[in-house]
Amino acid sequence: MNTRGVKHKDFGGLDNGDDRAAFLNHAYKPLSQFVLDDTFREFEFRQYLFACQSKLLFKLNRPVEVASRGYSFIISYSKALSRHENKLPFCFREVWIISACLALINATVSRYDGGLVTPDVEKEFFRLQGDLYSLSRVKFMRLAYLIGYGMDIEKSPANSAALSMLSWPRPAVWPSVPPDASTRVAAKEKLLQSSPKAKHFGIQRKPLPLEPSSLLREANRRRASLSAGNIFELFDGQHNLTPKDGPGADGSPMTPPPNKIPVSSMSRTNSGPVHFENSSLIRSPVDRPMKLSEVHVAAEHALNATISDPDLLKALSSVHDFELKYLDLTKGAAENYNRSWWKRHGVVLDGEIAAVCYRHGNYDLAAKSYEKVCALYAGEGWQNLLAEVLPNLAECQKILNDHAGYLASCVKLLSLDKGLFLVQERQAFESEVVRLAHSEMKHPVPLDVSSLITFSGNPGPPLELCDGDPGTLSVTVWSGFPDEISLESLTLTLIATFSADEGVKVIKSSSALVLKPGRNDVTLPLPPQRPGSYVLGVLTGQIGNLRFRSHSYSRGGPPDSDDFMSFEKPIRPVLKVSKPRPLVDLSAAISSALLMNEAQWVGLIVRPIDYSLKGAILHIDTGPGLKIEESHMIEMESCNEAFEGFGQIRNSNNISTDNSSTGGGGYERLPLIDGKLKLPDWASNLTSVLWLPVRAIDDRLLMGTSAVISQRQNIVDGMRTIALKLEFGVSHNQTFERTVAVHFTYPLYVSTRVSDKCKDGTLLLQVVLHSQVKATLTICDAWMDLQGGFVHVGKDDGRPTPGFFPLSICPSSRAGIMFCIRLGSTTNGDESELLKSHSILNIRYRISGDRALGAHSPMVHDGQDASTGSRELLFKSAIVLQRPVLEPSLAVGFLPLPSDGLRVGKLVSMRWRVERLKDIEGEAPSIHDGEVLYEVDANPENWMIAGRKRGHVSLSLEQGSRIVISVICVPLVAGYVRPPQLGLPDVDVTNISCNPAGPHLICVLPPTLSSSFCIPV
């Protein structure tokens, strides 16, 4: 085409039928025709070359490649047509593109069988088909708008985006109005004056533009005889011209000010008719500017001359035919996009189909298509686009009596950004929801308001409850309604986070609620829940007869945004129910012993463990041998005050007896009614001590022991129990039971020993007093009532020297008192004295102690004077005195061990020799029969007995008779250990003479080394 010597003519495209694309018809103008004419026109030759390429590709069964190359050819060829647009017929480029796209679609679809292609290739083919349909659809809408069908084109976002960015045709001269076209002009004016249908809910929204600039201005500017930049510049200085019809874009009349005419006084989107009242104002040398209706008529007349395709001419002949062709192209694009990977494009075009169906009353099909479009916009978060389509869907649902869908659409409209609708419009949405909620619906369904009503737990740590405790859960509910709305009920579910078996827990509001716009703090009663961590589940409620549900969580936004909502916040626990744990502890305040048979204060420590004891009731029940002194009230004080100053002994009787509560000081006196008392409020959250006045009763007489025998106290004898039951919690649902053991004892433990034995039979008896309490004992007087066979030396009253008293005994210490006695006659005297088997030690004493430490002076009864000091108490103890044995009856001797010594694990024979020294009275019957019972006692940790440990042996009744008892033993440990001991259970120890006299130790050597552990040298 650019070769030298070739005759170049114009671009071409001026012949009849050139508006119909021939880039797939290689026989339209063959190469021989170009050679004969000796001319190569670009318009024809480029189409011929592509037709030859497509022919070869079709023969190779590659229609997908033809579609891809053909679409690229159309785009590039369109640019070439735009460069020569001023030389071509009016809208020649748009007409040629429409015919080229449709021809390429028909040719490729007829040859595509979907056989041996991959899924990606197939999707690409349908995507190309969709692009071709979409391109021809846009060009077709541009032609329709030029001829006055703009009122029938939906001013949707998709159409506005496509047409407002598409430039107007640029002919050298804009077509003029044909003669005798007044009827057609009047028809166009009538069509332009038709007002658009009002939107549902009274929504007032500026229509989206379908033109890049004002068509009226563009047409008049391109007229050959005018070159005006603005329509008002066409007039000769007349500034008072006012259009009869058509307001501006902002709704104000297009009347310029008297002294100044702004350049941009006409809106670019204004396409309404313009009438001028006085045509004489137009200057005669300048032709009158065309009106919009005349522009449409002129464009239609020029298009009829350009278009040679009868089908395209028929499609532009009427509004009805235009809509049929428009639907055909839109459906083709949507269906192909839906079969490709550009499904969103197909859904958007389904919305354009829905707009046509909606306009013609086919609401069922319109609603189905609108639902897909709204789902796409909502999923992508395109709220501005959703605000354009969703009102149409709501109106279709209302007309179809789809109450559930209509309510859902109203909720979605309310949940959109507040700036997209006016307050009155949002109130209209809410009124529709309330109206339907209080009406009788045939098939009521739960309404999902997750996008409108959200909820969350209050900021901060979750509510913590103990197992079995009720509570009150506070949640934040965010309402997107513009006005207050009344709820008949509100229910919230709780979901356990760690256990799927727990299911869902439901809590309900106790009364009706009113939600205000924005944030609402709602409290819900919470029944006892099982241990675990719970998160918010689903919020349900009822508005009139309508039940709604929301499963969206919200969070607080920035500090300056109190109603910011988010649906992506991680779930945070709002309730934690702890596993069963100690909530309170009841224990004895002291572990030391109290005085037996005296009124004492028993301290009970009440310690709440991170739990309030407000309103708690304590049940007290004493066990056997213990009673509560009803003459005293129970005292309660804080633990810090009760145990303050341990080093100082405080007199419990000096405590104030005022019955008034001193909550601030932490002290109060409480009455015990039917074994129950109510704890004061000041002790609900702090550790306190409860002092119970009790008395332990024991009618037995304490027995003293010999000093050579170690003391063995029976703790059980002095143990008393107090059964406690504490009822606490919000509704006294928590209980704690415990039995507290309290130890009581006598103040002294008595042991005796004969410290000296005189030749005249006088005995010095030492009585050792061991203190058993953590208090100071002051001995005021002591005397002993002797049993038969013993008498006091000197005085008959049995009292020691008076100078010994008062005698003080510190806690856990001991003191001794000496008594001088002698053996009395056993033949003379009163028979009752002989029958007495015990001696009685009497001690009169005082005690000085603190109830916070242990034993203390008995409490003073109400009405007694506490200033008299501690009163004297009497203590008695029985002592058994035995007459001395001068000559033993049997002798037991430990025989020497083997000379090679003892070793661990080696058998050894332990031998004892028993010899009869004389006959004694009071022996067991077996002794008289010559049978002696023996028993070997050995420490099992040191010895293993291989023989009999217990048995009888024969011992002659004759004086001096002997017998040897042997037992096989095995030493278990090395070192100095005590050997086994031989005992005679039926013979009193006073009649046995032992050799050695006391316990002794023997040496046990380690075991010999085993040869298996020796290492050869």
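Above: the structure in question.
Everything quoted here is computed from the prediction, not taken from an experiment.

## Notes on helix α13 (residues 363-380)
Since the α-helix advances by 3.6 residues per turn, residues separated by three or four positions end up pointing in the same direction.
Okay, step 1: A rise of 1.5 Å per residue sets the reference length of α13, with its 18 residues, at 26 Å; its end C-alpha atoms lie 25 Å apart and thus fit the reference within 8%.
Okay, step 2: All of the buried residues along α13 are Tyr 363, Ala 366, Ala 367, Ser 369, Tyr 370, Val 373, Cys 374, Leu 376 and Tyr 377.
Okay, step 3: Of the residues trailing α13, Gly 381 is marked for its positive phi of about 75°.

## Focus: the packing of aromatic side chains
Okay, step 1: Counted by the stated rule, this structure contains 23 aromatic pairs.
Okay, step 2: Ring geometry for Phe 421 against Phe 429: centres 5.2 Å apart, planes inclined by 85°, an arrangement best described as edge-to-face. The pair formed by Phe 421 and Phe 429 is uniform in burial state, with each residue classed as buried.
Okay, step 3: Grouping aromatic residues by their ring pairs yields a cluster made of Phe 23, Phe 50, Phe 73, Tyr 77 and Trp 96.
Okay, step 4: Across the ring face of Trp 168, the terminal group of Arg 142 is positioned such that the distance to the ring centre comes to 4.3 Å.

## Points about the sheet that holds strand β26 (residues 748-757)
Backbone-to-backbone hydrogen bonds pair the strands of a sheet. The strands run either parallel or antiparallel.
Okay, step 1: Pairing is mixed in the open sheet, where five strands are placed in the order β23-β26-β27-β31-β29. Strand pairing shows two members of the sheet lacking a second neighbour, β23 (705-706) and β29 (790-792), which therefore form its edges.
Okay, step 2: One ladder, built from three bridges, connects β29 with strand β31 (residues 814-823); its direction is antiparallel. Bridged to Val 791 within β31 is Arg 822.

## Side note on the pattern of salt bridges
Okay, step 1: Per the counting criterion, the structure on display carries 30 salt bridges.
Okay, step 2: Taking the shortest distance from any N to any O, the salt bridge between Arg 170 and Glu 85 comes out at 3.9 Å. Of the two residues, Arg 170 sits in the loop between α6 (157-164) and α7 (182-192) while Glu 85 sits in the loop between α3 (63-83) and α4 (92-111), which places them 85 residues apart along the sequence.
Okay, step 3: Taking relative accessible area as the criterion, Arg 170 reaches 31% and is therefore assigned partly exposed.
Okay, step 4: Salt-bridge contacts for Arg 127 lead to Glu 124; the nearest nitrogen and oxygen are separated by 2.3 Å. Placement of both Arg 127 and Glu 124 in helix α5 (residues 119-146) is noted, with a separation of three residues, approximately one turn of the helix.
Okay, step 5: Connected via shared salt-bridge partners are Arg 62, Glu 65 and Arg 69.

## Observations concerning a nonpolar patch on the surface
Okay, step 1: A contiguous nonpolar patch, built from Ile 495, Val 504 and Val 506 and spanning about 230 Å² of accessible area, is present on the exposed surface.
Okay, step 2: Inspection of the secondary structure puts Ile 495 in strand β6 (residues 489-496).
Okay, step 3: By relative accessible area, Ile 495 is classed as partly exposed at 33%.

## With respect to helix α16 (residues 423-437)
Okay, step 1: Along its 15 residues, α16 runs 21 Å from first to last C-alpha, staying within 8% of the 21 Å computed at 1.5 Å per residue.
Okay, step 2: Next to the buried residues of α16 lie α14 (383-399), α15 (403-415), β5 (485-487), β10 (532-543) and β11 (546-550).

## So, the environment of Ile 97
Okay, step 1: Positionally, Ile 97 belongs in helix α4.
Okay, step 2: Taking the C-alpha atoms as reference points, Ile 97 and Ser 136, 39 residues apart in sequence, are found 6.6 Å from one another.
Okay, step 3: Here Ile 97 is in contact with Ile 74, Ser 78, Leu 135 and Lys 139, once residues within four sequence places are set aside.

## Observations concerning the pairing of strand β33 (residues 873-879)
Okay, step 1: In terms of burial, β33 is largely enclosed, as five of its seven residues are buried.
Okay, step 2: Bridge count for strand β22 (residues 702-703) against β33 is two bridges, and the pairing is parallel. The residue of β33 that forms the bridge with Met 703 is Ala 878.
Okay, step 3: Note: strand β32 (residues 839-848) against β33, seven bridges, orientation antiparallel.

Criteria and cut-off values
- Residues numbered from 1 in each chain as written.
- Predicted model: local features only at pLDDT ≥ 70, side-chain atom pairs only at ≥ 80, totals over all residues.
- Heavy atoms only, no water.
- Helix = DSSP H or I, 4+ residues; strand = E, 2+ residues; numbered from the N terminus.
- Expected span 1.5 Å × (residues − 1).
- Buried < 20%, exposed > 50% of the residue type's maximum accessible area, 1.4 Å probe, protein only.
- Phe/Tyr/Trp six-rings, centres within 6.5 Å; stacked < 30°, edge-to-face > 60°.
- Lys NZ or Arg CZ within 6 Å of the ring centre and 35° of its normal.
- Pairing = 2+ DSSP bridges.
- Salt bridge = Lys/Arg side-chain N within 4 Å of Asp/Glu carboxyl O.
- Patch = residues over 30% accessible without salt bridge, like charges linked within 9 Å, V, L, I, M, F, W, Y side chains within 5 Å.
- Areas by Shrake-Rupley, 256 points an atom, 1.4 Å probe, with all protein chains shown as cover.
- Contact = heavy atoms within 4.5 Å.

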